[in-house]
Amino acid sequence: MNTELPLTPIQAIASNWWVLLLRGVLLVLVGIYALFAPGVSLLAWALVVGCYLIADGIMAIAAGVVGWGESRGWMIIRGVLAILVGGFAAMHPALFGALAGFTVIAMLGGWSIAGGILEIVVAIRERKAIEGEGWMILSGFLSILFGIVLFMAPLVSLELFIRMNGVFAIMFGCAAIFLSFKLKKLKSV
C-alpha cells in the first residue's frame, strides 16, 4: 500500500527544476549569439522556422488524410502551403530572414508614424480638455521621427532589433536559471 501523499503542483514543478535550468542556459547562449552575430542569428531563425513549417505541414496533411480536422481538404491545402513556405525558408534562409525582418521593421515604422500622427492630432484637438498637450505633441513628433529612422536605415534597425532580443533572451535566461535553483531548494522541503 502506497502511503506517500501526492505531490502538490509546486512540488511537481520543483522536482523538474533542471528543465528550467536548461531552458535558462539555452536562452543565455542564444542571447549571446544574437548579440555578437545578429546576421547569422537571423539565418538560424529562418532555418528553424522553415523546418517547423515543413513538420507542421506534414502533420497537417496527415491530419487531413486521416480526418482529424473539421475540413479535410482545407487541412491538406494548409499543409501543402506550410511545406512550400517552409521549404522556401529552409532553402533560402537569407532571403526569408531578410523579408521577415524587413516586414517587422516596416510594421514597426508604420505603426510608429501612424501613432505619432494620431497623438499630435489628439493633442491639438483636445488641447483645451487636457493638460500638457505640448508634451503629447513632442511625444508624437519623436514617434514619427523614430518611424522615419526605421524606414531610412532598415538594416541597422533590424540588426539592433535582433541584438535587443538577444539582451532580453539573456535577461530571461538569467531569471530562469535563478528561479530553477530556487525551485531546487523547494524540492528538498
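Residue numbering note: each chain is counted from 1, following its sequence as written. Where local features are concerned, this predicted model is filtered to residues with pLDDT of at least 70; where side-chain atom pairs are given and counted, the filter is 80 or more; whole-chain, interface and lining totals use all residues. Working from all heavy atoms in the structure, the side-chain values ignore hydrogens and water.

Let us look at helix α3 (residues 38–66). Secondary structure elements follow DSSP: runs of H or I of four or more residues count as helices, runs of E of two or more count as strands, with numbering from the N terminus. For a helix, the expected span equals 1.5 Å multiplied by the number of residues minus one. With 29 residues, α3 should reach 42 Å at 1.5 Å per residue; the first-to-last C-alpha distance of 42 Å fits that figure. Type-normalised accessible area, obtained with a 1.4 Å probe on protein chains alone, sets the label of each residue: buried when under 20%, exposed when over 50%, and partly exposed for intermediate values. Along α3, the residues that are buried comprise Pro38, Ser41, Leu42, Ala46, Val49, Gly50, Leu53, Gly57, Ala60, Ala63 and Gly64. Looking at the buried residues of α3, the elements they touch are α2 (17–36), α4 (72–91), α5 (93–125) and α7 (154–187). Phi turns positive, to about 95°, at glycine 67, one or two residues after α3. Here a residue-residue contact requires only that any non-hydrogen atoms of the pair lie within 4.5 Å.

Here we come to the packing of α3 against α5. Running from N to C, α3 and α5 point in directions that differ by 100°, and their axes come no closer than 8 Å. Considering the angle they form, α3 stands roughly perpendicular to α5. Each of Leu42, Leu43, Trp45, Ala46, Leu47 and Val49 in α3 lies in contact with α5, whose residues at this interface are Pro93, Ala94, Phe96, Gly97, Ala98 and Ala100. Classes in brief: Ala, Val, Leu, Ile, Met, Phe, Trp, Tyr, Cys and Pro nonpolar; Asp, Glu, Lys and Arg charged; the others, Gly included, polar. For the contact of α3 with α5, the class distribution of residues is eleven nonpolar, one polar and no charged. Here the axes come from fitting lines to C-alpha atoms, over the contacting stretch only for helices, and the angles between their N-to-C directions go from 0 to 180 degrees. An angle below 35 degrees is treated as roughly parallel, one above 145 as roughly antiparallel, one from 65 to 115 as roughly perpendicular, and anything else as oblique.

Glancing now at the pattern of salt bridges. When a carboxyl oxygen of Asp or Glu is within 4 Å of a side-chain nitrogen of Lys or Arg, the pair counts as a salt bridge. Taken as a whole and assessed by the stated rule, the structure comprises two salt bridges. We note a salt bridge from arginine 78 to aspartate 56, for which the minimum N-O separation is 2.9 Å. Taken together, the positions of arginine 78 in helix α4 and aspartate 56 in helix α3 put the pair 22 residues apart, joining distant regions of the chain. Notably, a salt bridge pairs glutamate 159 with arginine 163, separated by 3.3 Å at the nearest N-O pair. Taken as a pair, glutamate 159 and arginine 163 lie in helix α7 at a separation of four residues, close to a single helical turn. Here glutamate 159 falls in the partly exposed class, since its relative accessible area comes to 34%. Take arginine 163: its relative accessible area is 31%, and that puts it in the partly exposed class.

The next subject is the confidence of the model for the protein. The predicted coordinates ought not to be read in detail in places where the model reports low pLDDT. One confidence number per residue, pLDDT, is output by the predictor and ranges from 0 to 100. Looking at the protein, pLDDT values average 91 and 97% of them are 70 or higher. When pLDDT is averaged over each helix and strand of the protein, the minimum, 79, is found for helix α1 (residues 9–14) and the maximum, 96, for helix α6 (residues 133–152).

This next bit is on α7. With 34 residues, α7 extends 48 Å between its outermost C-alpha atoms, agreeing within 8% with the 50 Å of an ideal straight helix rising 1.5 Å per residue. Among the residues of α7, those classed as buried are Ser157, Leu158, Ile162, Gly166, Ala169, Ile170, Gly173, Ala176, Ser180 and Leu183. The inward-facing, buried residues of α7 contact α1, α2, α3, α5 and α6.

Moving on: the environment of valine 40. Mapped onto the elements of the fold, valine 40 is located in helix α3. Given a relative accessible area of 41%, valine 40 falls into the partly exposed group. Each C-alpha atom of the pair valine 40 and alanine 106 lies 21 Å from the other, and the pair is 66 residues apart in sequence.

This next bit is on the layout of surface pockets. The computed volume of the largest pocket comes to approximately 420 Å³. Looking at the lining of the largest pocket, the elements that each hand over two or more residues are α2, α3, α5 and α7. With six residues, α7 is the largest single contributor of residues to the lining of the largest pocket. Whether a set of points on the 1 Å grid over the protein atoms alone is a cavity depends on a 1.4 Å probe fitting there but being unable to get out, while an open set qualifies as a pocket with protein on both sides within 12 Å along at least five of seven lines; lining residues are those with an atom within 4 Å of a point. Grid points are joined across faces, edges and corners, and a volume is the space filled by probe spheres set on the points.

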